[in-house]
Protein chains: 2
Amino acid sequence: MAMAKLLLLVALVAAAISSSTCTAEVIHALRPVLGSGGQLSHRAGVPCDSWRVAVEAYNKRDWKTVPAECESYVGHYMLGEQYRRDSRVVVDEAIAYAESLKLAGKGKEAWVFDIDETSLSNLPYYATHGFGSRPFNATSFNEYVLKGNAPALPETLRLYKRLISLSIRPVFLTGRTEDQRNITVKNLYYQGYSGWEKLLLKPLGVKVAAIAYKSGARQKLINDAGYVIVGNIGDQWSDILGAPEGARTFKLPDPMYYIG
Amino acid sequence: MAMAKLLLLVALVAAAISSSTCTAEVIHALRPVLGSGGQLSHRAGVPCDSWRVAVEAYNKRDWKTVPAECESYVGHYMLGEQYRRDSRVVVDEAIAYAESLKLAGKGKEAWVFDIDETSLSNLPYYATHGFGSRPFNATSFNEYVLKGNAPALPETLRLYKRLISLSIRPVFLTGRTEDQRNITVKNLYYQGYSGWEKLLLKPLGVKVAAIAYKSGARQKLINDAGYVIVGNIGDQWSDILGAPEGARTFKLPDPMYYIG
């Protein structure tokens, strides 16, 4: 892809993500075709819509890449309105739940946020790397992360701000490693996140599966720091499974990759 | 609705359910319109497709009825090809998992099956009762159950038969009560299920939530009868949550009702 076209695509993806009105028309290089005949949803034996729902409901596990025939489907899903709409319904539910809570008034109620594909979006990266249909490339992905330009997921930012106003403390818990702390802090601030209680990154060299790592970190948050985890939101099941999960968990959509 | 039309609808629903070829055209009173413009999926502020995915991913909990504006959407989903396709992807995954297992050869590997909307379909009932958009009516629903005519869910029956051929023992675990044992046995046999290891119905008068009841029954299956639960499939999250869940769980689609 020529550089000019690449930059245009990245800019358009960023514009689509940062658009604050979900129902407004968004302009992007790939036009969403979901709902306009559905042909894209069923190709070469893989019903991509059913595959996506199976991923969301944790029926599909340990998958390595998006099926090749679903690359276009996933691309249109991610860039179109459906991803935004699906995310909005999840966050509406999370906010309604948070608003229903009776807090103890000691400032110890925490809400755990994952970062990638939850608080920040890497769609500008994935849009130029096959939307998850190609094997994960740590080198090029980390280069993208280190730019610190990942846009906020607007719905998650809305939840984050509402929780702050309710005096529920946001805690970021991410698989990003300690050496990415500075750029992550900068990226989060730049995208409108501020006032978090903790930013928990993975120590370098720790080699445990995400579920074990994140459960352990949540347990520590409770035992050492006395927090009550009232909510937990992520795009991966490994963000929200494993005791202590948090009193209520929320799964944001992510058909692009799987972390076990 | 006139009785003749009602009977026709029931017959057509049964025909649609019992059709053994998933991709064949099915004839039914409500024509599925999903994928033909998507207008049905977003009405009066409730994006019904996002609502359905939120239900499947356990983001929506404790809901009482399908939103009124989604009755038609859910009806078309259930009667159309998408429900069948979504179910097929889940069962394909379950069969691939079962085939990958190394069995100990002692005949103690069990697979837990829920009954309603998992092994047997109550769609003939729900199709004439608003597809879950009206409050649950125990009287009319139990009348339907006692007829013993609920069709098998073809995908689940396919899984069931494959497990039998693999020497994995099916155990039914249902919220149906002991007084419905005879009609349930008859209904299951009539629909092609046979050779199960146990049929566990709820004792009359037991008043615990489904998660607690079913987890307890699974624990008993392990402790008292020495089974290893290698798989567990249901249409409700309360079928598959709560230790011991089983080594692998599968969530079949059900946008019609929620059991907590």
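Only a predicted model underlies this, so the values are computations on that prediction, with no experimental measurement involved.

A. Highlighting the pattern of salt bridges. Taken as a whole, this structure holds 26 salt bridges over all chains when the rule is applied. Put simply, E93 of chain A and R248 of chain A hold a salt bridge, and the shortest N to O gap is 3.8 Å. Here R248 of chain A lies in the loop between helix 10 (237–240) and strand 7 (249–251) and E93 of chain A lies in helix 4 (residues 81–100), a separation of 155 residues in the sequence. Residues K214 of chain A and D114 of chain A are paired through a salt bridge, measuring 3.0 Å at the closest nitrogen-oxygen approach. Residue K214 of chain A is found in helix 9 (residues 210–223), and its partner D114 of chain A is found in the loop between strand 3 (109–113) and helix 5 (123–126); the two are separated by 100 residues along the sequence. Residue K214 of chain A shares its accessibility class with D114 of chain A, and that shared class is buried. Three or more residues are tied together by salt bridges with common partners; here these are K60 of chain A together with E93 and R248 of chain B.

B. The arrangement of the relation of the copies chain B and chain A in detail. Of the two same-sequence chains, chain B is brought onto chain A (RMSD 0.0 Å, axial shift 0.0 Å) by a rotation of 180 degrees. Given the turn and translation reported, the copies of this chain are related as if by a two-fold rotation axis. A shared binding surface is used by both copies, with 100% of the interface residues of chain B retained as interface residues in chain A.

C. Just the sheet that holds strand 3 of chain A, in detail. Residues and elements named next belong to chain A. Strand order in the open sheet formed by five strands is 5-4-3-6-7, with parallel pairing between adjacent strands. Every interior strand has two partners, whereas the edge strands, strand 5 (198–202) and strand 7, have only one. For this sheet, the mean inter-axis angle between neighbouring strands, taken without regard to orientation, is 20 degrees. Pairing of strand 6 (residues 228–234) with strand 7 involves three bridges; the strand directions are parallel. Bridge assignment links G234 to a residue of strand 7, and that residue is K251. Packed on one face of the sheet, helix 8 (residues 181–190) meets strand 4 (169–177) and strand 5 and runs near 140 degrees to strand 5. Taken strand by strand, helix 9 contacts strand 3, strand 4, strand 5 and strand 6, and its axis lies near 145 degrees from that of strand 4.

D. Structural context of the pairing of strand 3 of chain A. Residues and elements named next belong to chain A. Among the five residues in strand 3, five count as buried, and that is most of the element. Of the two faces of strand 3, the one lined by E109, W111 and F113 and the one lined by A110 and V112 are each fully buried. Bridging between strand 3 and strand 4 involves four bridges; their strand directions are parallel. Note on strand 4: the bridge partner recorded for F113 is F172.

E. View of the packing of helix 3 (residues 71–79) of chain B against helix 4 (residues 81–100) of chain B. All names here are of chain B. Their axes nearest at 4 Å, the elements helix 3 and helix 4 cross at an angle of 60 degrees. Between helix 3 and helix 4, the angle falls in the class oblique. Of the residues in helix 4, those in contact with Y77, M78 and L79 of helix 3 are E81, Q82, Y83 and D86. Here the contact of helix 3 with helix 4 is composed, by residue class, of four nonpolar, one polar and two charged.

F. Spotlight on the interface of chain B and chain A. Facing 30 residues of chain B, the contacting portion of chain A comprises 30 residues. Carbon and sulfur atoms make up 50% of the area that chain B and chain A hide from each other, which totals about 2,400 Å². On inspection of chain B and its partner chain A, the count reaches four salt bridges. Where R85 of chain B meets D49 of chain A, a salt bridge forms, and the shortest distance between an N and an O atom there is 2.8 Å. The interface formed by chain B and chain A holds 12 residue pairs in polar contact (both at pLDDT 80 or more) in total. Of all elements in the fold, only helix 2 (48–56), helix 4 and strand 7 (249–251) of chain B reach the threshold of two or more residues within the side of chain B that touches chain A. Of the residues contributing to the side of chain B that touches chain A, the split by class is 10 nonpolar, nine polar and 11 charged.

G. Broad picture of the sheet that holds strand 4 (residues 169–177) of chain B. Residues and elements named next belong to chain B. The parallel open sheet is built from five strands, whose spatial order is 5-4-3-6-7. Strands with a single pairing partner mark the edges of an open sheet, and in this sheet they are strand 5 (198–202) and strand 7. For this sheet, the mean angle separating the axes of adjacent strands, direction not counted, is 20 degrees. Bridging between strand 3 (residues 109–113) and strand 6 (residues 228–234) involves five bridges; their strand directions are parallel. Bridge pairing in strand 6 links E109 to V228. Against the sheet, helix 4 touches strand 3, strand 6 and strand 7, its axis set at about 170 degrees to strand 7.

Scoring rules and cut-offs
- Residues numbered from 1 in each chain as written.
- Chains lettered and ligands numbered in written order.
- Predicted model: local features only at pLDDT ≥ 70, side-chain atom pairs only at ≥ 80, totals over all residues.
- Heavy atoms only, no water.
- Salt bridge = Lys/Arg side-chain N within 4 Å of Asp/Glu carboxyl O.
- Helix = DSSP H or I, 4+ residues; strand = E, 2+ residues; numbered from the N terminus.
- Buried < 20%, exposed > 50% of the residue type's maximum accessible area, 1.4 Å probe, protein only.
- Least-squares fit on C-alpha atoms with pLDDT ≥ 70 in both.
- Contact = heavy atoms within 4.5 Å.
- Pairing = 2+ DSSP bridges.
- Axes fitted to C-alpha atoms, helices over the stretch in contact; angles between N-to-C directions.
- Parallel < 35°, antiparallel > 145°, perpendicular 65-115°, else oblique.
- Nonpolar A, V, L, I, M, F, W, Y, C, P; charged D, E, K, R; others polar.
- Buried area = accessible area lost by both parts, 1.4 Å probe.
- Polar contact = N/O pair within 3.5 Å; in protein donor to acceptor, adjacent residues only side chain to side chain.

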